[in-house]
Structure formats: C-alpha cells, structure tokens
Amino acid sequence: MKILVLNAGSSSQKSCLYEITGKALPQEPLQPLWEGKVDWTHHQGVAEIEVKTATGESLQAEISAESRPQVIAYLLDTLYKGSTQVIDELSEIDVVGHRVVHGGQEYRVSVAITEDVKDAIARLCTLAPAHNPANLQGIEAIEQLLGDVPQIAVFDTAFHSSMPDAAAIYPGPYEWVEQGIRRYGFHGISHQYCAQRTAQILGRDLASLRLITCHLGNGCSLAAVKNGRSIDTTMGFTPLDGLMMGSRSGAVDPGILIHLLRQDGYTVDKLDHVLNKNSGLRGISGVSGDMRRIREAIAQGNSRAQLAWDIYVHRLQSYIGATIASLRGLDALVFTAGVGENAADIRAAACEAFEFLGLKLDSQKNMGNPVDSDIAAPDSTVRVLVIHTQEDWAIATECWQLLM
Ligand SMILES: Nc1ncnc2c1ncn2[C@@H]1O[C@H](COP(=O)(O)OP(=O)(O)O)[C@@H](O)[C@H]1O
Ligand SMILES: CC(=O)OP(=O)(O)O
Ligand SMILES: [Mg+2]
C-alpha cells in the first residue's frame, strides 16, 4: 500500500510517501520512499523546498511563497518527475493521510474524509487558525490533483480525548462546558507515538508506565501519559495555552487581555497577532522564534535572548513539576520535536530542576546527539529519553489500519 502523508505545521509543510507491504505493520518505523519539506520561516515571501528519497537523491529549490496548494502541487510533481522520481504516476498512491490539528468534540479517532468532515474542519478553523485552514487546503489540493483517492484525517486532539474532566474542564462558568469550551490538547499524534516508542525502547509494557512527553517544536506542549492514555496536557482549547513557544505566548494571565482591550484599545485581530505571532521566544528576544538563533544571540551577549531562554526553561520546569503531580510520580521523561531532539542545553536545564528526585542525566549521552535512546545515568530514578517524533509514520499506520 502506497500512503502519502501531508503534515501541515504552523510554519512548515511536511510530506512523505511510505510503502507498507505485507499483512502486518513493521515493528520499527519504515523509512519513507520520498520526503518533501517546505519551510516559510527564513525569508519573507520565499518557500524553501527540500526533497529527498530513500535512494539518496535530493533536490533543493526556493520558490516565491505561493499558496499552499501551489506548493503542494510543486512537491507532488517531484514524486513522478526528475531525479527524485519514485513512482510512475500519482494514481499509484492508494490513500492520503492528513494531520488535522483540531478535531473538536466530534472526532476522537481517525476518520475517512467526507464533505461532513471537511465542514467540521472548516468550522474549527477559528480555534486553530494557524493550522486547520492549512489542513483543509491540503485536503482540497489533493482532491484537485488526485481526484477521489481515499483521504484520512488523523487528529492532533484525538489522543487527549481520554483526559478526565478535572483536567479537561476550565473553572469558568458551567455554560462553557455545555458550549464545548474545554481543554482539547494538541500534538496528540506525536505524544502517542513517542509514548509507544519509549515503552518499546525501555522494553516495558506501556500500560505500566507513567510518562511525560515534552513536544518542543515551534509549538510546545507536554502530555502526562499513564497506562498509555493521555491524562493531562498543557495546551488547551487552542494551541496557545501552556508552555512558552517560538512565537506563541503560552499561558498568560487572562487579566492582561482584558487590560489591553480596555485600556489600550486593542482589536481582537491585534490581540490574536500579538499572542500567536509576536510573543514567546520571538516576542521577548526581538531576535527570532528559532531556538538556534536565540542561542547565537546569547553567545553574542544579547540579554533579551538570554531572558527568553530563561523564561522558556522556567516554564518548562514548572509545567513538568505540575505534570508529575498529575501522574503521581514519573518513570520516564521524554523529549521530542525540533528543540527537544536537538537542544542538549534545554534538556539539561529542564532535568536539573528534578535532581532532588534522583533524576540524573548522563551528560555525555545528552550532548552526543542522541536519537531514540535513554540518556539518563544508570542510577537515575527516572529514565530520560530522546525520541525522534515520527508523526508522519504514525499517520501512515493509522491509514493502513483503517484501510486493511
Ligand atoms: N540544533 C537545534 N538546536 C536547537 N533548536 C533546534 C535545533 N534544530 C531545530 N531546532 C528548533 O526546532 C524548532 C522547530 O521544531 P519542529 O518540530 O520542526 O517544528 P514544527 O513541526 O512545529 O514546525 C525551531 O524552533 C528550531 O529552532
Ligand atoms: C498544534 C501545534 O502547535 O502544532 P505545531 O507545533 O506543528 O505548530
Ligand atoms: Mg510539529
């Protein structure tokens, strides 16, 4: 079965083609036949495209930042044309899986995409404005390019639908509960994959583990995973809650918003822009939302970049602490996504706060660019893992399971 996966992040469009043969899913994630990535973050108005294949072919291009459907069409051309060709024609693709960020109350498992599902994704755009519109554009682009190929939506919110009410419900008026204003949580595909992979690497049964998975990318969230289920998470009704992020504030006192609306004449759009695009690492440092740029600025003595790093770490430590309480203990702390997988300094700083519990990093392993491995010292009371998140593989396996 040839499965194309589209994963639209807030600042990127990732895409993979997998081929799963045989009657059972492989134990380890497969390498994709083809991978395409578009990044819009570096230069205004420019989409940087990178394609690589399992056979070692690659292509890099910069095109003017055209619409997402145009970029997807450009990417898919490289599947069957030129040096990165891996199939003869697009009709060889059996199914297309999409990461859809907000599934609301309706979608607790992956589903085949119908007009009703598209309407629901569209309705939920206001709750995930940086993500759901991009997901919908991806679905419509595939309809244009591939006709009626089966398409599957895999939701970021689904894994957290098992959260108990005490964790999911906000202490506002009870009408909020009736209106669906509650904590949904996001990055669920990644949290679930990382929890399963952690159990596999530790050789333990997932049902016996208390885990905190730290998804630290452009968007950041923690999940408390107990017996394989999400019981708490830091993102909420929208992907704006919780940890400090690249350009999103994370949790702030809602009184600040009332103050800005009342005293400073903010419009709703301005508030949205400030909180989603001009806060977090970017807002505090004035340099960038990219952790690598923050580090460079710190090395050059930039004190606002240092402050951004310090706040990021403070928030991460305090949310890990709160999440340990939800779990009543901790067997493993798991780091994933761009920052979690690559930033040894952030991992070390996060762990340092929990040395009093007997959590001990092996600093050499931590510095050694670990992937899918345990980086805790042998006598640590808590295992610490770095897992390369494979959201795309997780989406492909959902598609396979739904179609087999
Ligand atoms: N070597 C690195 N050190 C620190 N941060 C890194 C490194 N490589 C990538 N990152 C960070 O990862 C983030 C992007 O993470 P990623 O998971 O790819 O994001 P998303 O999927 O949300 O677009 C960026 O902030 C980038 O700075
Ligand atoms: C939900 C979310 O924040 O996703 P991302 O990290 O891909 O922006
Ligand atoms: Mg991501």
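What you see is a predicted model, and the numbers here were worked out from it, not measured in a lab.

Scoring rules and cut-offs
- Just so you know, the residues in each chain are numbered from 1, in the order the chain's sequence is written.
- By the order in which they are written, chains take letters starting at A while ligands take numbers starting at 1.
- This being a predicted model, a pLDDT of at least 70 is required before a residue's local features are given, and a value of 80 or more before pairs of side-chain atoms are given or counted; all residues contribute to the totals for chains, interfaces and linings.
- Comment: elements are numbered from the N terminus, with helices defined as DSSP H or I runs of at least four residues and strands as E runs of at least two.
- Using C-alpha atoms as the atom set, the radius of gyration is obtained and then compared with a globule rule of 2.2 Å times the number of residues to the power 0.38.
- With C-beta atoms placed from the backbone, a residue is buried if 20 or more other C-beta atoms are within 10 Å of its own, exposed if 12 or fewer are, and partly exposed between those counts.
- Residue pairs are scored as contacts if the distance between their C-beta atoms, which are placed from the backbone, is within 7 Å.
- UniProt positions are given in the numbering used here, feature names are shortened, and annotations may be inferred rather than shown by experiment.
- Should DSSP find at least two bridges between two strands, the strands are taken to pair.
- Should the C-beta atom of a residue, placed from the backbone, lie within 6 Å of a molecule or strand, that residue is near it.
- Polarity classes work like this: nonpolar for Ala, Val, Leu, Ile, Met, Phe, Trp, Tyr, Cys and Pro, charged for Asp, Glu, Lys and Arg, and polar for all others, with Gly in that last group.
- Each domain span listed reflects an automatic or database assignment of domains.
- By our criterion, buried Ala, Val, Leu, Ile, Met, Phe, Trp, Tyr and Cys residues that link up through C-beta atoms within 7 Å make up a nonpolar core.
- Given a helix with a known number of residues, its expected span is that number minus one, times 1.5 Å.

### Thoughts on the overall build of the protein chain
Thought 1: Within the protein chain one finds 15 helices and 14 strands.
Thought 2: For the protein chain, the C-alpha radius of gyration of 21 Å lies close to 22 Å, the compact-globule estimate for 404 residues.
Thought 3: Viewed in the frame of its principal axes, the protein chain has a C-alpha envelope of about 55 × 55 × 50 Å.
Thought 4: Within the span of the protein chain, comprising 404 residues, buried residues form 44% of the whole.
Thought 5: For the protein chain, the share of sequence-separated contacts (at least 6 apart) that also reach a separation of at least 24 residues comes to 63%.

### Some points on the UniProt feature "binding site: substrate" (unreviewed entry) in the protein chain
Thought 1: Mapped onto this numbering, the UniProt entry gives "binding site: substrate" (unreviewed entry) at Arg99.
Thought 2: Excluding its chain neighbours within four sequence positions, the residues that come into contact with Arg99 are Asn7, Ala8, Asn135, Val154, Asp156, Ile189, Glu391 and Ile395.

### Looking at the sheet that holds strand β10 (residues 220–226)
Thought 1: Strand order across the open sheet formed by 6 strands is β11-β10-β9-β12-β14-β13, with mixed pairing between neighbours. Of all the strands in the sheet, the pair left with one neighbour each is β11 (229–233) and β13 (373–374).
Thought 2: One ladder, built from 4 bridges, connects strand β12 (residues 332–336) with strand β14 (residues 383–386); its direction is parallel. In the sheet register, Phe335 faces β14, and the bridge partner there is Val386.

### Structural notes on the site of ligand 1
Thought 1: Not every one of the 15 residues close to ligand 1 is listed here, only the nearest: Gly9, Gly217, Asn218, Gly338 and Asn342.
Thought 2: Those elements that provide at least two residues to the shell around ligand 1 are α10 (291–299) and α12 (337–342).
Thought 3: Top element by residues in the shell around ligand 1 is α12. It accounts for 4 residues.
Thought 4: The residue inventory of the shell around ligand 1, partitioned by class, reads 4 nonpolar, 9 polar and 2 charged.
Thought 5: Mapped onto the domain boundaries, the shell around ligand 1 takes at least three residues apiece from domain 1 (2–155) and domain 2 (205–386).

### A closer look at the nonpolar core
Proteins that are soluble and globular tend to have nonpolar side chains buried together.
Thought 1: With 99 residues, the main nonpolar core has Ile212, Ile294, Val334 and Val384 as its most contacted residues.
Thought 2: When sequence neighbours within four positions are dropped, the list of residues in contact with Val334 reads Cys194, Thr198, Leu211, Ile212, Thr213, Cys214, Leu385 and Ile387.

### Quick notes on the domain arrangement of the protein chain
Thought 1: In terms of domain boundaries, the protein chain breaks down into domain 1 (2–155) and domain 2 (205–386).
Thought 2: The centre of domain 1, based on its C-alpha atoms, is set 27 Å off from the matching centre of domain 2.
Thought 3: When its residues are assigned to classes, the side of domain 1 that touches domain 2 shows 4 nonpolar, 4 polar and no charged.

### Remarks on the sheet that holds strand β7 (residues 111–112)
Thought 1: The mixed open sheet is built from 8 strands, whose spatial order is β5-β4-β3-β2-β1-β6-β8-β7. With one partner strand each, in any of the chains shown, β5 (58–64) and β7 form the two edges of the open sheet.
Thought 2: Pairing of strand β4 (residues 46–53) with β5 involves 7 bridges; the strand directions are antiparallel. Among the inter-strand pairings, Val46 is bridged to a residue of β5, identified as Ser64.

### Description of helix α6 (residues 188–202)
Thought 1: End to end, α6 covers 21 Å across 15 residues, agreeing with the expected 21 Å (1.5 Å per residue, within 8%).
Thought 2: Those residues of α6 lying buried are Gly188, Ile189, Ser190, His191, Gln192, Tyr193, Cys194, Ala195, Arg197, Thr198 and Ala199.
Thought 3: Where α6 ends, the next residue or the one after it, Gly203, has phi of about 65 degrees, a positive value.

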